[in-house]
Amino acid sequence: MIEAFCKSEGNGHFELEPCEIERGGISYTSDTLEFLTKKYQGQLEGKLAFVMGDEVAAEFDKWRNPDKVSSLADLIIVHRYPDVKAMEDSLYECKPTGNYKGDFAVKFDREKFVYPHIYIENPMLPVSSTDIRRRIAEGKSFRYLVPPAVYEYIEKNGLYRDCRAPLRQAQGPHDNDK
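Just so we're clear, the structure is a prediction, and the values are computed from it rather than from any experiment.

Student: Would you mind going over the confidence of the model for the protein chain with me for this structure?
Tutor: For residues with low pLDDT, the predicted coordinates do not support detailed interpretation. Of the residues in the protein chain, 77% reach a pLDDT of 70 or more, and the chain-wide mean stands at 80. Per-element averaging of pLDDT across the protein chain places helix 1 (residues 2-8) at the bottom with 86 and helix 5 (residues 66-72) at the top with 97. Overall, residues 164-178 carries pLDDT values under 50, and its contacts beyond four positions in sequence, including any with other chains, amount to 17 contacts.

Student: Looking at this structure, I do not really get the pairing of strand 2 (residues 73-78). What am I missing?
Tutor: Two faces make up the sheet, and in a regular strand the side chains alternate between them. Counting buried positions over the six residues of strand 2 gives five, a clear majority of the element. Across four bridges, the pairing between strand 2 and strand 3 (residues 117-120) is parallel. Paired with Ile76 across the bridge in strand 3 is Ile118.

Student: Just to check I follow, could you spell out the layout of surface pockets for this structure?
Tutor: Sizing a probe to match a water molecule and rolling it over the atoms shows the empty space that remains. Counted as a void, the largest pocket has a volume near 1,400 Å³. Taken together, 30 residues make up the lining of the largest pocket; nearest its centre are Ile2, Glu17, Glu20, Thr32 and Phe50. Those elements that place two or more of their residues in the lining of the largest pocket are helix 1, helix 2 (19-23), helix 3 (29-39) and strand 1 (48-53). Looking at the lining of the largest pocket residue by residue, the classes come out as 20 nonpolar, six polar and four charged.

Student: Would you mind showing me how to read the pattern of salt bridges here?
Tutor: Scanning the entire structure with this criterion turns up ten salt bridges. In this structure, the salt-bridge partner of Lys39 is Glu17, at a minimum N-O distance of 2.4 Å. With Lys39 in helix 3 and Glu17 in the loop between helix 1 and helix 2, this residue pair connects regions lying 22 residues apart in the sequence. Given the relative accessible area of 36%, Lys39 is considered partly exposed. Note that Glu121 is salt-bridged to Arg110, the shortest N-O span being 3.6 Å. Of this pair, Glu121 sits in the loop between strand 3 and helix 6 (129-137) while Arg110 sits in the loop between strand 2 and strand 3, and the two are eleven residues apart along the sequence. Given the relative accessible area of 63%, Glu121 is considered exposed.

What counts, and where the lines are drawn
Residues numbered from 1 in each chain as written. Predicted model: local features only at pLDDT ≥ 70, side-chain atom pairs only at ≥ 80, totals over all residues. Heavy atoms only, no water. pLDDT = per-residue confidence, 0-100. Helix = DSSP H or I, 4+ residues; strand = E, 2+ residues; numbered from the N terminus. Contact = heavy atoms within 4.5 Å. Buried < 20%, exposed > 50% of the residue type's maximum accessible area, 1.4 Å probe, protein only. Pairing = 2+ DSSP bridges. 1 Å grid on protein atoms, 1.4 Å probe; cavity = no way out; pocket = protein on both sides within 12 Å on 5 of 7 lines; lining within 4 Å. Points joined across faces, edges and corners; volume = space filled by probe spheres on them. Nonpolar A, V, L, I, M, F, W, Y, C, P; charged D, E, K, R; others polar. Salt bridge = Lys/Arg side-chain N within 4 Å of Asp/Glu carboxyl O.

What follows is the structure, given as C-alpha cells:
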C-alpha cells in the first residue's frame, strides 16, 4: 500500500524504506531512526524529523529509548482530531498493539513534556486511520478519505474487511472440557 502511494503521489518525493520489515522482529522507533541517520549521513542538514500526534506524545515517556529518539530526531507534535470512537476499536480484532492507550484518553500536556519539540497548531480534520479501518470493516465508503492509489490497493487486496468479527474472550486450556 505504501509502495503504491509512493509511486503515484509526490512526484518522487516519497520512498518506501523497508528496513523494519527486513530487520524482522519487534520494531522500535529508536532503531529505525538510528538506521536512517546512518543511511543518510552526509545528506541531511541537521537531524531527521519525527512527526507524532499529541495523543501519542502524551505517552512518549513509555516508549523504548525516548531519550535516544529525541536525540536522533527533531520531535514535531501535531494536534489530532479526538477520535471519540477510538475506545470502541477494542471491539475489533484488527487493532494496534502495545502498552499505549493512544485513544485520546491520556491528554497531552505541553508543559510537562520534557523533550525538545515543535508543537504545530494545525487545523484538524475529522478523520483518522482508526476511523478509515472501521469504515472499511463496516462496509461504509472511504474512497475519498485516502489517496486513489491507497484506495485501489485496499480494495484489490481486501484489507481490513476481516476486522468485523468482535473479539472473543480468551479461553483457558480447559474451557472446552465441560
